[in-house]
Amino acid sequence: MDTVLEARGVVKKYRGQPVLDRVDLEVGRGEAVGLVGPNGAGKTTLIKVSLGLARRDGGRVLLNGLDPWREPRAREGVGVVFERPNLPSSMPVVEFLESAAAIIGSSPSRVDWAIRAAGLEGHEWKTFPQLSAGLKQRAAIAHALLGEPRFLVADEPTSNLDPLERREVLRLLARLNREHGLSLLVSSHVIVELLRVATRIYVLAGGRLAAEGSPEDLFRRAGLARLRTSNPSLAAELLRSLGFEAREDGLGVVVRVDGPLHRFYEALARLGREGVEVLGVDLVEPGVEEAMAG
Ligand SMILES: Nc1ncnc2c1ncn2[C@@H]1O[C@H](COP(=O)(O)OP(=O)(O)OP(=O)(O)O)[C@@H](O)[C@H]1O
């Protein structure tokens, strides 16, 4: 496979304590990869090491075919969006983007494109503090798009957003991957968010890789998922009426998910239409479940 990122056996320690223990991560050209794990699992550290922004204590990393720690030009064509975007507060977003584009030698038409691609139209004359959390994240994505990246890395881009904003930002990232061919690495502590964006997901738990595979693989291997919902008894009843094996277990509703994943998605949508809010979906599998607990 033609890869933009290949990390093998990455080890990272802080004060002698391993926070990444022989972790592999690979992103193919044009691929959308998810990285999931609870807080403190090591997602940000793995992303920093992969970009050459933190030194590794072991293993190998190739970003665009180069070791990013030794050769910063490995990061050319890579756009990065962090959890808490931080843009200047004093000027309208469009002016900030124009000055950022001028610094990197990007054309003014690229600013218009980035604003459109990030879905910021109608908000470009607002200053950063005037934007909602979701629009702030879109502004950060527009900023990352100025350099015409071929690979976009988004570290927990949804963690401070409300459910609607989360969906929109993820839809935007998925569109950048599908319609514009950007390779994508996106992290989250909620697996269900990544199911529709990523075609392959790495599950990180306690600095180790707990699982890796397509969403279908992960669900098939787990066999069971636990839904946290606003109304477990109604959720279990509706799922059973749709032909699923489902029971309440005190923590939520445990449902068998070894069939086609689209049926499960449709069932989740149906719950939503019936007024049952799905707050989270965790895979029930040793290791993976632990990783999802955050
Ligand atoms: N600069 C640092 N110095 C010491 N320890 C650190 C440093 N950065 C991260 N850690 C520790 O490394 C572990 C992994 O942190 P990391 O931020 O990579 O996890 P994460 O999965 O991204 O979590 P979060 O969702 O909270 O961002 C944590 O135990 C964290 O406390």
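Per-chain numbering applies: the sequence of each chain, read as written, is numbered from 1 onward. Totals for whole chains, interfaces and linings use every residue, but because this is a predicted model, local features are given only for residues with pLDDT of at least 70 and side-chain atom pairs only at 80 or more, for both listing and counting.

- With an unreviewed UniProt entry as reference, the protein is termed ABC transporter domain-containing protein, source organism Aeropyrum pernix.
- Check the Sequence similarities (unreviewed entry) section of the UniProt entry for the protein; it says "Belongs to the ABC transporter superfamily." UniProt positions are given in the numbering used here, feature names are shortened, and annotations may be inferred rather than shown by experiment.

1. With respect to the site of the ligand
Consideration 1: Near the ligand you find Y14, V19, G37, N39, G40, A41, G42, K43, T44, T45, E156 and H189, and these make up its full shell.
Consideration 2: With three residues, helix α1 (residues 43-51) is the single largest residue contributor to the shell around the ligand.
Consideration 3: Each residue receives one of three labels: charged for Asp, Glu, Lys and Arg, nonpolar for Ala, Val, Leu, Ile, Met, Phe, Trp, Tyr, Cys and Pro, and polar for the others, Gly being one of them. When the residues that make up the shell around the ligand are grouped by side-chain class, the tally is three nonpolar, seven polar and two charged. Residue proximity rests on one test: whether the C-beta atom, placed from the backbone, lies within 6 Å of the molecule or strand. In this description a helix means any DSSP run of H or I spanning at least four residues, a strand means any run of E spanning at least two, and both kinds are numbered starting from the N terminus.

2. As for the domain arrangement of the protein
Consideration 1: The domain boundaries assigned to the protein delineate domain 1 (3-215) and domain 2 (216-292).
Consideration 2: The distance between the C-alpha centroids of domain 1 and domain 2 comes to 28 Å.
Consideration 3: Here contacts are defined at the residue level, using C-beta atoms placed from the backbone and a cut-off of 7 Å between them. Facing 15 residues of domain 1, the contacting portion of domain 2 comprises 13 residues.
Consideration 4: For the side of domain 1 that touches domain 2, the secondary-structure elements that each account for two or more residues are α6 (191-194), β8 (200-205) and β9 (208-213).
Consideration 5: When residues in the side of domain 1 that touches domain 2 are grouped by element, the largest group, four residues, is from β8. As annotated, the domain borders come from an automatic or database domain assignment.

3. Brief notes about the sheet that holds β9
Think of a sheet as strands paired side by side through backbone hydrogen bonds, with each pair either parallel or antiparallel.
Consideration 1: With mixed pairing, six strands are arranged side by side in an open sheet as β5-β6-β7-β3-β8-β9. At either margin of the open sheet sits one strand with a lone partner, and together these are β5 (78-81) and β9. Averaged over neighbouring strand pairs, the angle between their axes works out to 15° when direction is ignored. Think of it this way: DSSP has to see at least two bridges between two strands before they count as a pair. For every element, the axis is a line fit to its C-alpha atoms; helices are fit only across the contacting stretch, and the angle between N-to-C directions ranges from 0 to 180 degrees.

4. What to know about the pairing of strand β6 (residues 151-154)
Consideration 1: To assign burial, the other C-beta atoms lying within 10 Å of each residue's own C-beta are counted, with C-beta atoms placed from the backbone; 20 or more indicates buried, 12 or fewer indicates exposed, and intermediate counts indicate partly exposed. Covered by surrounding structure in β6 are F151 and V153 together with L152 and A154, the residues of both alternating faces.
Consideration 2: Alignment of β5 against β6, held across four bridges, turns out to be parallel. Bridge assignment links V81 to a residue of β6, and that residue is A154.
Consideration 3: Relative to strand β7 (residues 183-188), β6 is paired through four bridges, and the arrangement is parallel.

5. Things to note about the UniProt feature "domain: ABC transporter" (unreviewed entry) in the protein
Consideration 1: Within the UniProt annotation, "domain: ABC transporter" (unreviewed entry) is assigned to residues 5-231.
Consideration 2: End C-alpha atoms of residues 5-231 are separated by 42 Å, and the span's content is 33% helix alongside 29% strand.

6. Let's talk about the pairing of β9
Consideration 1: Looking at chain direction, β8 and β9 are connected through five bridges and run antiparallel. Across the sheet, the residue bridging to I201 is G213, located in β9.
Consideration 2: Taking the residues that link successive antiparallel strands as the turn, the β8-β9 hairpin has two residues, and the phi of G206 there is positive, at about 55°.

7. Some remarks on the confidence of the model for the protein
Consideration 1: Values of pLDDT, the confidence the predictor places in each residue, fall between 0 and 100. Here the protein averages 89 in pLDDT, and 96% of its residues register 70 or above.
Consideration 2: pLDDT under 50 marks residues 290-294. Its contacts with residues more than four places away, or in other chains, come to 15 contacts.
Consideration 3: Across the interfaces of the predicted complex, the ipTM metric reaches 0.94, alongside a pTM of 0.85.

8. Concerning the sheet that holds strand β12 (residues 253-256)
Consideration 1: With respect to topology, four strands assemble into an open sheet ordered β11-β12-β10-β13, the strand pairing being antiparallel. Edge positions in the sheet fall to β11 (246-248) and β13 (278-283), since each of these pairs with one other strand and no more. When the angles between neighbouring strand axes are averaged without regard to direction, this sheet yields 25°.
Consideration 2: Strand direction decides the pairing type here: β11 and β12, joined by three bridges, are antiparallel. Bridging from a neighbouring strand, A246 pairs with V255 of β12.

9. A look at the environment of G134
Consideration 1: Inspection of the secondary structure puts G134 in helix α4 (residues 133-145).
Consideration 2: When the 21 C-beta atoms within 10 Å are taken as the criterion, G134 is described as buried.
Consideration 3: Sequence separation of G134 and Y265 is 131 residues, and the distance between their C-alpha atoms is 24 Å.

10. Describing the environment of G119
Consideration 1: Along the polypeptide, G119 turns up in the loop between α3 (108-117) and α4.
Consideration 2: C-alpha separation for the pair G119 and L53, spaced 66 residues apart in sequence, amounts to 29 Å.
Consideration 3: In contact with G119, other than residues within four places in its own chain, are R138 and L172.

11. Looking at unusual backbone geometry
Consideration 1: Phi is positive for R15, close to 45°, though the residue is something other than glycine.
Consideration 2: Tracing the sequence through the fold places R15 in the loop between β1 (3-14) and β2 (17-28).
Consideration 3: Despite not being glycine, N64 has its phi angle at roughly 50°, a positive value.
Consideration 4: On the secondary structure map, N64 appears in the loop between β4 (58-63) and β5.
Consideration 5: Residue classification places N64 among the partly exposed positions, given that 19 C-beta atoms sit within 10 Å.

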